[in-house]
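Structural overview
Residue-level listing of the chains:
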Amino acid sequence: YAELYVIASNHLKSCFPNLKIGGPALAWNEDWLERFFENVREYNGGKNPPLDFLSWHWYGTEPCEMSNKGTRIYDIATKAGYEGFESILNEWNYVRGWSAEFIYSIKTIISMKGAAFTAACMSAAQHNPTIDMLMYYDARPTGMNGLFDFYTLEPIKGYYPFLIYSKLKALENEAEAVSDSKDIYCVAARNGDKAGIMLTYYAENDYLLNEAVTIECEGLDLDGATVYVTDEENTMTLNPVRTFKDGKLTLYLKRNSVIYIEK
């Protein structure tokens, strides 16, 4: 594979200088990636062949593990002498196990817990500068599609983190958002007087209790903000259950829920 990569990348880059060349869609073994970089240099006369993007996969249950893997992948490539490349996680989803626990994993993907996991991964990756792109697997009519119903193609719970993220993207400017709880994930954006915040309570532990969350903003008055909740019983439903006092907004979050605050 290393020999093929060297031949193909050099030839394509010489013919189409603006074409992005990369790979290898690393599925799991990070030691393999280190050997790959060693081998391509060997086949390329001691020099690194073109690598505009580095693609890799991750399946698991904890968004922090996904983020940590992104950092390790980036470190391996920079240690090998590559700079300015795009790190692309081009396959990811919830998987607790590939054998006995795979049925649980598939059920989770199409559930509210799967939707919260998706939102939490988006938030974790947004805060990690070593990850440039995420490609959720899958939006086709397959068992791992957490966005649309397999038969009707109607949106299910996992569609809404993508809808919310598109609203944040439309605001253009990321705003600093920090959580002091390992199970509460947050990402925010702002454009002038308009702002949006996505809060996610995701827990792999199916027995954690619901939580009250207090949000404090600097430079933005959250009084009168619109709050949408997506959980087992609600889908982007206006949430009147909140208190605003001393500049702080307090919400009650159910385990595995996604909240969008719009101002």
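Preceding block: the structure.
One numbering rule holds for all chains: residues counted from 1, following each sequence as written. In keeping with the model being predicted, local features are shown solely for residues with a pLDDT of at least 70 and side-chain atom pairs are shown and tallied solely at 80 or more, while totals for entire chains, interfaces and linings include all residues. With hydrogens and water excluded, all non-hydrogen atoms of the structure serve as input to the side-chain values.

What follows is about the layout of surface pockets. Every definition here rests on a 1 Å grid over the protein atoms only: cavities are sets of points where a 1.4 Å probe fits but cannot get out, pockets are open sets enclosed by protein on both sides within 12 Å along at least five of seven lines, and lining residues have some atom within 4 Å of a point. Grid points are joined across faces, edges and corners, and a volume is the space filled by probe spheres set on the points. Within this model, the largest pocket holds a volume of roughly 670 Å³. Along the walls of the largest pocket sit 24 residues, with E176, A177, V178, I215 and E216 positioned nearest its centre. Working definition: helices are DSSP H or I runs of at least four residues, strands are E runs of at least two. Numbering for both runs from the N terminus. Elements with a minimum of two residues in the lining of the largest pocket: β6 (184–191), β7 (194–201) and β8 (211–216). Amino acids are sorted into nonpolar (Ala, Val, Leu, Ile, Met, Phe, Trp, Tyr, Cys and Pro), charged (Asp, Glu, Lys and Arg) and polar (every other residue, Gly among them). The residue inventory of the lining of the largest pocket, partitioned by class, reads 15 nonpolar, 3 polar and 6 charged. Of the volumes computed, that of the second largest pocket is approximately 280 Å³. Along its surface, the second largest pocket is lined by 15 residues, and Q126, D132, M133, L134 and Y165 are the ones closest to its centre. Put simply, the parts of the chain that give the lining of the second largest pocket at least two residues each are α5 (112–126), β4 (133–136) and α6 (160–170). Here the lining of the second largest pocket is built from residues that sort into 10 nonpolar, 3 polar and 2 charged.

Any two packed helices are characterised by the angle at which their axes cross and by the distance between the axes. To obtain an axis, a line is fitted to C-alpha atoms, over the contacting stretch when the element is a helix, and the angle between two such axes runs from 0 to 180 degrees between their N-to-C directions. Running from amino to carboxyl end, helix α3 (residues 63–79) crosses α5 at an angle of 35°, the nearest separation of the two axes being 9 Å. Crossing handedness for the pair α3 and α5: right-handed. Together, P63, M66 and S67 of α3 and F117, A120, C121, A124 and A125 of α5 make up the contact between the two elements. Residues belonging to the contact of α3 with α5 are distributed by class as follows: 7 nonpolar, 1 polar and no charged. Less than a right angle of anticlockwise turn of the near helix away from the far helix marks a crossing as left-handed, whereas a clockwise turn marks it as right-handed. Contacts: residue pairs with any heavy atoms within 4.5 Å of one another.

In the sections that follow, a salt bridge refers to a side-chain nitrogen of Lys or Arg positioned within 4 Å of a carboxyl oxygen of Asp or Glu. Tallying each qualifying case throughout the model produces 12 salt bridges. Across the salt bridge formed by K113 and E204, the nearest N and O atoms sit 3.1 Å from each other. Here the residue K113 occupies a position in helix α5, and E204 occupies one in the loop between β7 and β8, the gap between them amounting to 91 residues. Each member of the pair, K113 as well as E204, carries the same accessibility label: buried. Overlapping salt bridges, with partners in common, bring together R96, K113, E204 and D206 in one network. Here's how the labels work: a residue is buried when its accessible area is under 20% of the maximum for its type, exposed when over 50%, partly exposed in between, all with a 1.4 Å probe on protein chains only.

With that settled, the discussion passes to the side chain of T230. Structurally, T230 is set in strand β9 (residues 226–230). Residues contacting T230, with those up to four places away along its chain left out, are M112, K157, Y160, T235, M236, S257 and V258.

Bringing the sheet that holds strand β11 (residues 242–245) into the picture now. When DSSP locates at least two bridges between a pair of strands, those strands are taken to pair. Judged by pairing direction, the sheet is antiparallel, and its 3 strands sit side by side in the order β8-β12-β11 without closing on themselves. Each edge of the open sheet is held by one strand with a lone partner, namely β8 and β11. Across the sheet, the mean angle from the axis of one strand to that of its neighbour is 20°, orientation sign disregarded.

Turning next to a nonpolar patch on the surface. Judged by side-chain polarity, Y1, L4 and W32 come together as a nonpolar surface patch covering roughly 330 Å² of accessible area. You can see L4 is positioned in helix α1 (residues 2–15). Residues with no salt bridge and a relative accessible area higher than 30% make up the patches, which join like charges within 9 Å and nonpolar side chains (Val, Leu, Ile, Met, Phe, Trp, Tyr) within 5 Å. Only the protein chains shown count as cover for residues, and all accessible areas are computed by the Shrake-Rupley method using a 1.4 Å probe.

Let us look at the pairing of strand β1 (residues 22–26). Sheet topology places β1 next to strand β2 (residues 53–60); 4 bridges connect them, and they run parallel. Across the sheet, the residue bridging to L26 is W56, located in β2.

Moving on, we get to the environment of M66. The residue M66 is located in helix α3 in this model. Taking the relative accessible area as the measure of exposure, M66 reaches 0% and is therefore buried. The spatial distance from the C-alpha of M66 to the C-alpha of L89 is 9.2 Å, given a sequence separation of 23 residues. Among residues more than four places away in sequence, those in contact with M66 are W56, W58, L89, C121, A124, A125, I131 and L134.

Side-chain atoms within 4.5 Å are what join buried Ala, Val, Leu, Ile, Met, Phe, Trp, Tyr and Cys residues into a set we call a nonpolar core. Formed by 38 residues in total, the largest nonpolar core has its most connected members in L33, F37, L54 and W58. Counting residues per element, the ones that place at least two in this core are α1, α2 (30–43), β2, α3, β3 (86–94) and α5. Of all the elements, α5 adds the most residues to this core, at 6 residues. With residues up to four places along the chain from it excluded, the contact list for L54 reads G23, P24, L33, F37, I73, A77, F85, E86, S87 and I88. Counting residues in hydrophobic clusters, the runner-up holds 21 residues, among them A177, I215, L220 and L249.

We now examine the packing of α2 against α3. Running from amino to carboxyl end, α2 crosses α3 at an angle of 20°, the nearest separation of the two axes being 10 Å. Between α2 and α3, the crossing angle belongs to the class labelled roughly parallel. You can see that α2 and α3 cross each other, and the crossing is right-handed. The residues of α3 that touch α2, namely those facing E30, L33, E34 and F37, are K69, R72, I73, I76 and A77. For classification, angles of less than 35 degrees are called roughly parallel, those exceeding 145 degrees roughly antiparallel, those between 65 and 115 degrees roughly perpendicular, and all remaining angles oblique.

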